[in-house]
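So the chains spell out like this:
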Amino acid sequence: MSVRRYRGILRTLPVWLIILIFFVYPLGRFLLLPWFPHWAPESLGAASWPSDGWAALRNSVVLAIAAAGLAAALGTFWAWAMERRRSAWHPWSEAVLWLIFLMPSYLLTTGWEILFAAPILRHGFLHDGFYSPVGIIVLLAAKALPFAIFVVRPLWAALGHELTEAMRIFAVRPGRAVRVFLRLAIPVASAATVVSFIESVQEFGIPATLGAHLHLPILTYSIYAALSTSPLNFVGASRLALLLVVLAFSGALVQIALQRRFGAVLVHAQVRHRLPARPKRSEALVIAAMNLVVGVLVLVLPMLAIVRSAFQGGVSALRMADWDPVLHSLGFALLAASLAILLAWLFARSLVSGGVGGRAMDVFSMGNMAVPGLVLGAAYIMAFNLPGFSLYGGSLLLILAYTAATAPMLTRLLQAPMAQLDRSLGDAARIHGVSAWVRWLDIDAALLSRPLVRGWLLAFGTVMFELPVSELLYPAGKTPLGVAVLALNNGEHFAAAARLALGGLASVALVTVVVLVLLRFALPDYRMAVTQ
Amino acid sequence: MWSFWPRQKPGLVFYSAVSYGPMLAQAFTKESGIPVRVVEMSTGALLARVSAQGNNPQWDVAWFDGASAAAGLQRAHLVASGIVPRDIPWTDLGKSLIPADGAWIPTGYTLAGVFLHPAKRPAPATWDDLLQARWRGRFAMNNPAISGPTYPQVAGWLYSHGGWPAGQSFLLALKANGMQVYPKNSNTIHALSQGEVDLAIVQSSAAYALAAEQPGRWAVSIPKSAVLLPRVMVFADHLSAKQRRDAADFARFMLSPKAQELAMRKGAPDGYYWPITRTAPTADPGMASTQSLPLINLDPAFWGARESAINAWFSSHILGQ
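Since this is a predicted model, take the numbers as computed values, not measurements. Each residue is numbered by its place in its chain's sequence as written, counting from 1. Here every chain gets a letter starting at A, and every ligand a number starting at 1, in the order they are written. In keeping with the predicted nature of the model, local features appear solely for residues at pLDDT of at least 70, side-chain atom pairs appear and are counted solely at 80 or more, and the whole-chain, interface and lining totals rest on all residues. Side-chain measures were taken over the full set of non-hydrogen atoms in the model, leaving aside hydrogen atoms and water.

Undergrad: What is the right way to look at the sheet that holds strand E8 (residues 199–202) of chain B in this model?
TA: All names here are of chain B. The criterion for strand pairing is that DSSP finds at least two bridges linking the strands in question. Strands here are runs of E lasting at least two residues and helices are runs of H or I lasting at least four, both read from the DSSP assignment and numbered beginning at the N terminus. An order of E7-E6-E8-E5-E9 is seen for the five strands of this open sheet, with the pairing classed as mixed. Each of the sheet's edge strands pairs with one partner strand only, and the pair in question is strand E7 (180–182) and strand E9 (218–221). Strand-to-strand, the axes of this sheet are offset by a mean angle of 25°, without reference to chain direction. Throughout, a contact is declared for two residues whenever any of their heavy atoms are within 4.5 Å. Axis geometry follows a simple rule: fit a line to the C-alpha atoms, using only the stretch in contact for helices, then measure angles between N-to-C directions, giving values from 0 to 180 degrees. The strands touched by helix H8 (residues 204–213) within the sheet are strand E5 (114–118), E8 and E9, with E9 carrying the most contacts at an inclination of about 150°.

Written as C-alpha cells, this is what we have:
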C-alpha cells in the first residue's frame, strides 16, 4: 500500500472512530440484545416479548401500507402537476409541502384534537372518523406526503416529453395513451409508496398521541412503552426495534430495486426538457382543489385551532416558568444543529472522496436513515450508562443523540454540493501556500455556505420539536419542548400545549431570520453564494 | 448553567411522579438552600428510568404512588433502607403504612380506583355491580401495565375475590360484561368525556381533580371496598452521608404542615389526597371521608412480587394481546 493511501486512511480514521462510538457500538449493543440478553440493565423481571408486540407489528404494517397508498397517489399527481404543468399554485404548493415537512406530527394531531373538542364537532361522522384508525392513516399520509413528492418530483422532471409527443404524432387512442402514461407513472408511484411506507412505519408522534387515545398498539409506541413503563423490557424493545429496522430497510431495498428496474425508463440520455404545459381547465380545477384542501386541512385549520387555543384565558395565563421547555430546546437545538452540520460535513467529505471509504459511508448514511431516532435513543440509554463513563442523565448525551439522529440526513443533503466542489480550487490554493484553515474558510465555507446554512436550519428546526429521543434521554430539570407539549396534550391541557408549541415555532422563525440576516450582512461572500 | 454530565451539580436530583413535587421542591430549596433538580414523569416512566439506570443511578429521591412499586425497587436492590424519619406525628393509618425495614416513606394516600361518572347519572355501589347488564360495555379502566396506579386496583379486585389466581374469574367477568381498557387516566377520562363510556374507573385524585375542574358535570363515587394507594418516597442506595441528610430534610419538609397545606391547596391534580400525619390540614372538603369506609390495604411485598405475572396475564386474557 502506498504512503498516500495510508495517509488517506489515517485522515478518515477520526470519522470512522466517531461512527464506531456513536452509531455502531450503541446500535449493535441494543439490537443484538435478543441474542445477548445479559447485556440489558438489571430489570424488574420483564418478559422478553412485549404483550402487544404482534398486534403492534400488524397494525404498523397495515396503517403504513394504507397511508403510503394514499400519500403516493396524491403525491404522484401533485409532483406531476408541479413538474409538468404551469400553474400559479406552485409557490403555495412549495410552501405547504415544506411546512408540512417541518411541522411536528404531534402538533398536527394536537391541532385536530383541539378542533374536535369543540362542542359542535364533538359528536358525528367526522369526529368518529378522526378517532379511529382512519384518522391515524390520514395523519400518517399527510406527514408522508412531502417525502413522497420530494422523491417523485425529480423523476417526473427527468422524464422526457418524447413519448407524449410520439403518441400525439401517431394519434394514439386515448385509452392506450392512458395505459402508456400509467406504465410510466407506476415506477414513479412505486418510489413514492415505498418512501411513504418507510416514513409512516417510523412515525412516532401520531402513535404517541392519537394511537394512545385509541388504544391501538403501534410498533414505535410499543418500543417506547417497553422502555418507559414498568416492568422495563429492554430485550422486548430490542426485538420490536429489529422488526422496525427490518421493515424500513426492506422498504429501502425495494426502492433501490425499483430504481434499478425502471431507472432506464425514467432517466435516459435522450431527455429533452421543455417548459411545462398550461393545464387544461379540468386539470387546473383539480390542482387548485388539491392545493386548497390539503393546505387548509393539514395546516390552516389545525394551526388556527392551536393559535386560538393558545390565547384562551388571555395573556395573563402565560407565566415565565411555562416557557422553560422552549428555552431548553432552543439551547439543545443550537448546539446539536451545529455539531450535526459539522459531522455531516465530515461524513459528506468522506462520502464524495470515493473509493472503499466513500462507498462504506454511502451505505452507512443510507442504512442509518432506516434507524429511527427512537431506536437510537434506546441504544444510547444502554450504551452510555456505564460506571466510569456515564453520560445518561446529562444534557451532553441528549445533544449527542440529537446530533447522531440528524447527521445522516444532513450528510445526504450535503452530498451533491460537496461533489460539485472542484478539487483544483483546493490544489491551486495549496500550491500558493494557503493554510488549511483559510482554504476551508475561503473555498469550502464560501461555496458551501448555502447548503450548510440550509442544513443547519433544517437540523435546528428538527431538534427543536424532536420527540422520541427527547422522551427517552431528557436530563433532570431540562424538559425539552416535545416532551412538555406531549405531556400537556395527553393531559388534555390543550391551551398550555398550544402556547408552548407556538413559542417553539416563533423561536424557530426568529432564529431562521437572524441567521439569514447575519449571514447576508456579516459575510460578503454569502450574498454571492446564495444567489449563485 | 448547563450540566452536560449527569452528576456535576450539588444538591438533589428528584424524580417526581407527583404533580405538586416540583412546586414543593422549589419551596424546599427556598427554605433550606439545598438545590433540587426535578424530573417530572408518570409513575411507570419513573420506575422504568430508575430501573434502566440500575446500579449506576442518576437520581437521589423519587416520589410516586404505590407501595408495591417501591417494594419492587427494593427487591431489585435499587433503594436504601431505614429512611423513615423518626420525628413525624403519624396517624394510626400512617403508622400501618410504614414498612418494617423503612425502605420507603409514606406521605399520604389516594384510592387506586373510584367511579367517575356524569353527575346526573347514578354510579354502582360496589365493584360487583359492574357485572349488571346495565353497565355492559359502558365502563372503562386503565391498562395496569402502562398506568402505574392501576395495578393496585387490579390486585385489590383479585384480593377481594379469592386472591391470585382464584380472583381471575372476577376480571374475566368484567371483561365479559364489556369492560373497556385504555392506556392511562387521560385516555380513560377522554373516553368518558367523549361519551364512549358512562363510567370511568380512575385514581381518586384524577377523578376529584376533574370533578372540581368542571363542577356540576362530573361526580365521584367511592365503591365498597376501595383499594388504598399509599404515596411513597424512596432514596437511592448510593447516597453519600451528606446527600442522605439532605434527602432526609427533604422528606421531613414534604411531611411538614406547611408543605402539606401547599400541596392540598395548590397541588392539583395530585393535591386531592388524604393525609397521614396528625399535623396536616384536612383533605379538600369536596372529597368524601374515608374513615367510615372499608378500605383494602394490600401487602406490598406479596402483590409487588406478582406484578409482572399479573400484568402479563391481564394483557393476554383481558386485552387479548
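Next comes the rest of the write-up.
Undergrad: Before we go on, may I ask you to explain the packing of aromatic side chains in this structure?
TA: Each aromatic ring pair is characterised by the separation of its centres together with the angle its planes make. Residue and element names in this part refer to chain A. Two rings from Phe, Tyr or Trp (for Trp, the six-membered ring) form a pair when their centres are within 6.5 Å of each other. A pair whose planes differ by under 30 degrees is stacked, one over 60 is edge-to-face, and the rest are tilted. Under the defined criterion, the tally for this structure stands at 36 aromatic pairs over all chains. With centroids separated by 5.3 Å and ring planes inclined at 10°, the aromatic side chains of Trp456 and Phe460 adopt a geometry described as stacked. Remark: Phe460 and Trp456 occur in helix H18 (residues 436–464); sequence separation between them is four residues, near one turn of the helix. Here Trp456 and Phe460 have matching classes, each one buried. When a residue's accessible area, from a 1.4 Å probe over protein chains only, is under 20% of the maximum for its type it is buried; when over 50% it is exposed; and in between it is partly exposed.

Undergrad: Just checking my understanding: could you explain the interface of chain B and chain A for this structure?
TA: Interfaces are often sized by the amount of accessible area the parts lose when they come together. Across the boundary between the two partners, chain B contributes 43 residues, which contact 50 residues of chain A. The quantity reported as buried area is the accessible area (1.4 Å probe) lost by two parts once they are put together, taken as the sum for both. Of the roughly 3900 Å² buried between chain B and chain A, counting both surfaces, carbon and sulfur atoms make up 53%. Here, a salt bridge means any side-chain nitrogen of Lys or Arg that lies within 4 Å of a carboxyl oxygen of Asp or Glu. At the surface where chain B touches chain A, the tally comes to zero salt bridges. Pairs of N or O atoms within 3.5 Å make up the polar contacts considered here, provided that, within protein, one atom can donate a hydrogen while the other can accept it, and that residues adjacent in sequence are counted only when both atoms are side-chain atoms. On inspection of chain B and its partner chain A, the count reaches seven residue pairs in polar contact (both at pLDDT 80 or more). Listing elements by their share of the side of chain B that touches chain A, those giving two or more residues are strand E2 (36–40), helix H2 (43–53), helix H3 (67–75), E7, helix H7 (185–193) and helix H12 (307–318) of chain B. Here the element with the most residues in the side of chain B that touches chain A is H2(B); it accounts for eight residues. Ten residues, namely Ala, Val, Leu, Ile, Met, Phe, Trp, Tyr, Cys and Pro, are considered nonpolar, four, namely Asp, Glu, Lys and Arg, are considered charged, and the remaining ones, Gly among them, are considered polar. Of the residues assigned to the side of chain B that touches chain A, the class counts are 21 nonpolar, 17 polar and five charged.

Undergrad: Sorry, what's going on with the confidence of the model for chain A here?
TA: Detailed reading of the predicted coordinates is not advisable wherever pLDDT falls low. For chain A, mean pLDDT is 83; residues scoring 70 or higher make up 89% of the total. Each residue carries a pLDDT score, the predictor's own confidence in it, on a scale running from 0 to 100. Taken together, the stretch residues 526–532 of chain A has pLDDT below 50 and engages in 15 contacts with residues farther than four places along the chain or on a different chain.

Undergrad: Sorry if this is basic, but what is going on with the nonpolar core here?
TA: Generally speaking, soluble globular proteins have nonpolar side chains that are buried together. Among the nonpolar cores identified, the biggest contains 155 residues, and A:Phe30, A:Phe234 and A:Leu473 are the most heavily contacted of them. In terms of residues, this core owes the most to one element, helix H13 (residues 324–352) of chain A, which gives 14 residues. Contact partners of A:Leu473, with chain neighbours within four places excluded, come to A:Gly377, A:Tyr380, A:Ile381, A:Tyr392, A:Leu397, A:Leu398, A:Ala401 and B:Arg49. Residues A:Val483, B:Tyr15, B:Ala70 and B:Ala206 belong to the second largest nonpolar core, which totals 88 residues. Side-chain atoms within 4.5 Å link the members of a nonpolar core, which is a set of buried Ala, Val, Leu, Ile, Met, Phe, Trp, Tyr and Cys residues.

Undergrad: Quick question: what am I supposed to make of the confidence of the model for chain B here?
TA: Residues and elements named next belong to chain B. Per-residue pLDDT for chain B averages 89, and the proportion of residues at 70 or more is 97%. At the low end of the mean pLDDT range in chain B sits H2, at 82; at the high end sits helix H6 (residues 168–176), at 96. Across the interface, the model reports ipTM at 0.72; the global pTM reads 0.81.

Undergrad: How do you make sense of the packing of H6(B) against H12(B) when you look at a structure like this?
TA: The axes of two packed helices give the description: the angle between them and the distance between them. Residues and elements named next belong to chain B. Packing of H6 against H12 leaves a shortest axis separation of 11 Å and a crossing angle of 35°. H6 and H12 meet at a crossing whose hand is right-handed. Residue-level contacts link Gln168, Leu171, Leu172 and Lys175 of H6 to Trp313, Phe314, His317 and Ile318 of H12. Here the contact of H6 with H12 is built from residues that sort into five nonpolar, two polar and one charged. Here a crossing is called left-handed whenever its near helix is offset anticlockwise from the far helix by less than a right angle, and right-handed whenever the offset is clockwise.

Undergrad: I'm lost on the side chain of A:Asn59 in this one. Help?
TA: All names here are of chain A. Inspection of the secondary structure puts Asn59 in helix H2 (residues 53–84). Using a relative accessible area of 12% as the deciding quantity, one classes Asn59 as buried. For Asn59, the residues in contact, after removing those within four places along its chain, are Leu216 and Pro217.

Undergrad: Explain the packing of H2(A) against helix H8 (residues 174–202) of chain A to me, please; I cannot follow it from the model alone.
TA: All names here are of chain A. Where H2 meets H8, the closest approach of the two axes is 7 Å, and the angle between their N-to-C directions is 135°. By the angle class used here, H2 and H8 are oblique. You can see that H2 and H8 cross each other, and the crossing is right-handed. For the pair H2 and H8, the contacting residues are Ser60, Val61, Ala64, Ile65, Ala67, Ala68, Ala71, Ala72, Thr76 and Trp80 in the first and Phe181, Val188, Ala189, Ala192, Thr193, Ser196, Phe197, Ser200 and Val201 in the second. These descriptions rest on fixed angle ranges, namely under 35 degrees for roughly parallel, over 145 for roughly antiparallel, 65 to 115 for roughly perpendicular, and the rest for oblique.

Undergrad: What am I meant to see in the pairing of strand E4 (residues 105–111) of chain B here?
TA: Within a regular beta strand, the side chains point alternately toward one face of the sheet and then the other, so they alternate between its two faces. All names here are of chain B. In terms of residue burial, E4 counts as a mostly covered element, since seven of its seven residues are buried. When E4 meets strand E10 (residues 226–235), the two strands line up antiparallel, connected through six bridges. For Ile105, the partnering residue across the bridge sits in E10 and is Met233.

Undergrad: I'm lost on the pattern of salt bridges in this one. Help?
TA: If charged atoms from side chains of opposite charge come close, those side chains can pair. Taken as a whole and judged by the stated rule, the model has 12 salt bridges over all chains. A:Glu283 is the partner of A:Arg85 in a salt bridge, and the nearest nitrogen-oxygen pair spans 2.9 Å. One end of the pair, A:Arg85, is in the loop between H2 and helix H3 (90–102); the other, A:Glu283, is in helix H12 (residues 281–310), and 198 residues separate them in sequence. Comparing A:Arg85 with A:Glu283, the two get one shared label, buried. Across the salt bridge formed by B:Asp270 and B:Arg231, the nearest N and O atoms sit 3.7 Å from each other. Here B:Arg231 lies in strand E10 and B:Asp270 lies in the loop between helix H10 (257–266) and strand E11 (295–296), a separation of 39 residues in the sequence. One exposure class covers both B:Asp270 and B:Arg231, and it is buried. Here the residues in one salt-bridge network are A:Glu83, A:Glu94 and A:Arg153, joined through shared partners.

Undergrad: Got a minute to help me understand a nonpolar patch on the surface in this structure?
TA: All names here are of chain A. Only residues whose relative accessible area exceeds 30% and that form no salt bridge are eligible for patches; like-charged ones are grouped when within 9 Å, while nonpolar side chains (Val, Leu, Ile, Met, Phe, Trp, Tyr) are grouped when within 5 Å. Per-residue accessibility takes into account occlusion by the displayed protein chains alone, with areas from the Shrake-Rupley method and a 1.4 Å probe. Residues Trp92, Leu292, Val293, Val296, Leu297, Val300 and Leu304 make up a contiguous nonpolar surface patch of about 560 Å² in total accessible area. It is H12 that provides the largest number of residues to the nonpolar patch, a total of six residues. Along the chain, Val300 turns up in helix H12.

Undergrad: Would you mind showing me how to read H13(A) here?
TA: An α-helix turns once every 3.6 residues. As a result, residues three or four positions apart point the same way. Under the 1.5 Å per step criterion, the end-to-end length of H13(A) is 41 Å for 29 residues, consistent within 8% with the ideal 42 Å. Among the residues trailing H13(A), A:Gly354 stands out with phi positive, at a value near 75°. Here, expected helix span is obtained from the residue count minus one, scaled by 1.5 Å.

Undergrad: Just to check I follow, could you spell out unusual backbone geometry for this structure?
TA: When glycine is set aside, most residues are seen to have a negative phi, and most peptide bonds are trans. Residues and elements named next belong to chain B. A cis geometry characterises the amide bond from Trp164 onward to Pro165, with omega recorded as 15°. Within the element layout of this structure, Pro165 appears in the loop between helix H5 (150–160) and H6. In this chain, Lys224 is followed by Ser225 through a cis amide linkage whose omega measures -10°. Looking at the secondary structure, you find Ser225 in the loop between E9 and E10. Backbone geometry at His77 places phi at a positive 60°, although glycine is not the residue there.

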